[in-house]
Amino acid sequence: MADKHLSSQFDSELNGVSSRVMEMGGLVESQIRQAIYALSQFSLEAVDQVRTMENRVNAMEGEIDHELPTIIARRQPTARGLRLLLAFSKATANLERMGDEAHRMARMVQSIIEGGAPRCLPSNDLRVAADLASGQLRKALDAFARLDTKMAVAILREDDLIDR
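Here the structure is a predicted model, which means the values were calculated and not measured. (Residues numbered from 1 in each chain as written. Predicted model: local features only at pLDDT ≥ 70, side-chain atom pairs only at ≥ 80, totals over all residues. Heavy atoms only, no water.)

### A look at the overall build of the protein
Threshold: Secondary structure follows DSSP: runs of H or I at least 4 residues long count as helices, runs of E at least 2 residues long count as strands, and numbering of each begins at the N terminus. Exposure categories follow from relative accessible area, calculated using a 1.4 Å probe and restricted to protein chains: below 20% of the type maximum is buried, above 50% is exposed, and the middle band is partly exposed. The contact rule is simple, with two residues in contact once any of their heavy atoms fall within 4.5 Å. The method behind every accessible area is Shrake-Rupley, applied with a 1.4 Å probe, and residues are considered shielded solely by the protein chains displayed.
When you go through the protein residue by residue, the secondary structure sums to five helices and zero strands. Listing each helix as α and each strand as β along the protein from the N terminus yields α-α-α-α-α. Each principal axis of the C-alpha atoms in the protein carries an extent, and together these give about 70 × 30 × 15 Å. Within the protein, the fraction of its 164 residues that count as buried is 32%. Restricting the contact set of the protein to residue pairs at least 6 apart, pairs at least 24 apart contribute 78%. By element, 55% of the accessible surface of the protein is carried by carbon and sulfur atoms, the whole surface being about 10100 Å².

This is the structure in structure tokens:
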């Protein structure tokens, strides 16, 4: 009976971390959309929103990174659980990097606006690339939530479209 109790506690902790990783992913997705909006509309307000979201994304990564070793030490998970916790760690690190890139884009938009640079950008190309990247992130989060390896492999194949 004690094993069941510990297992359900571990499952609850895994579900909690998974929910926060997905929340972080949604925030990064919003951050990317706002950065693209800032670029297409030359909006300093959107730049500020990206900056605010960046602070929250960084905080979430820190919170999750702090919790994972605690769960490992407390629960001593089997190989499957440990692999999942490591996947959460990798996912949060990658999401944080995506957020950094969105923030970097927003800073560049701010420089363009403040520098009075021409406002003629290839907006159609930017929108297509942004839609591809956003869609791929959404699919990746969905695959991660479902632990769907087939979907993950398909996403890797789609990455070539964004590169082009």
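### Observations concerning the nonpolar core
The test is simple: We define a nonpolar core as any set of buried Ala, Val, Leu, Ile, Met, Phe, Trp, Tyr and Cys residues linked to one another through side-chain atoms lying within 4.5 Å.
Within the largest apolar cluster, 34 residues are counted, with the highest numbers of intra-cluster contacts made by Val17, Val21, Leu85, Phe88 and Leu95. Contributions of two or more residues to this core are made by helix H1 (2-41), helix H2 (44-75), helix H3 (79-115) and helix H4 (123-146). Broken down by element, the residue count for this core peaks at twelve residues, all from H1. Setting aside chain neighbours within four positions, we find Leu95 in contact with Val21, Met24, Gly25, Val28, Val57, Leu137 and Leu141.

### As for H3
Here is the rule: Here the expected length of a helix is defined as 1.5 Å per residue gap, with one fewer gap than residues.
Helix length check: H3, at 37 residues, gives a terminal C-alpha distance of 53 Å against a target of 54 Å (1.5 Å per residue), a fit within 8%. Looking at the residues trailing H3, positive phi occurs at Gly116, about 70 degrees.

### Describing the packing of aromatic side chains
Put simply, the rule is: Note on aromatic pairs: the rings of Phe, Tyr and Trp (six-membered ring only in Trp) are paired at centre separations within 6.5 Å, and the planes decide the class, stacked below 30 degrees, edge-to-face beyond 60, tilted for the rest.
Here the structure, examined in full by the defined rule, presents one aromatic pair. A ring pair is formed by Phe88 and Phe144, whose centres lie 5.7 Å apart and whose planes are at 75 degrees; its orientation type is edge-to-face. Of this pair, Phe88 sits in helix H3 while Phe144 sits in helix H4, and the two are 56 residues apart along the sequence.

### As for unusual backbone geometry
With phi around 50 degrees, Phe42 is a residue other than glycine that occupies positive phi space. Counting through the fold element by element, Phe42 comes out in the loop between H1 and H2. Classification of Phe42 as buried rests on a relative accessible area of 12%. For Gln76, which is not glycine, the phi torsion reads 45 degrees and is therefore positive. Residue placement: Gln76 occurs in the loop between H2 and H3.

### With respect to H2
Selection criterion: Here a polar contact means two N or O atoms within 3.5 Å. Within protein one must be a hydrogen donor candidate and the other an acceptor candidate, and residues neighboring in sequence count only if both atoms are side-chain atoms.
With 32 residues, H2 ought to run about 46 Å at 1.5 Å a step, and its terminal C-alpha atoms sit 46 Å apart, in line with that. Inspection of H2 places Ala46, Val47, Val50, Met53, Glu54, Val57, Met60, Glu61, Ile64, Leu68 and Ile71 among the buried residues, and these make up the whole buried set. The backbone nitrogen of Glu45 lies 3.4 Å from a side-chain oxygen of the residue at the head of H2, namely Ser43. Positive phi appears at Gln76, one or two residues downstream of H2, with a value of about 45 degrees.

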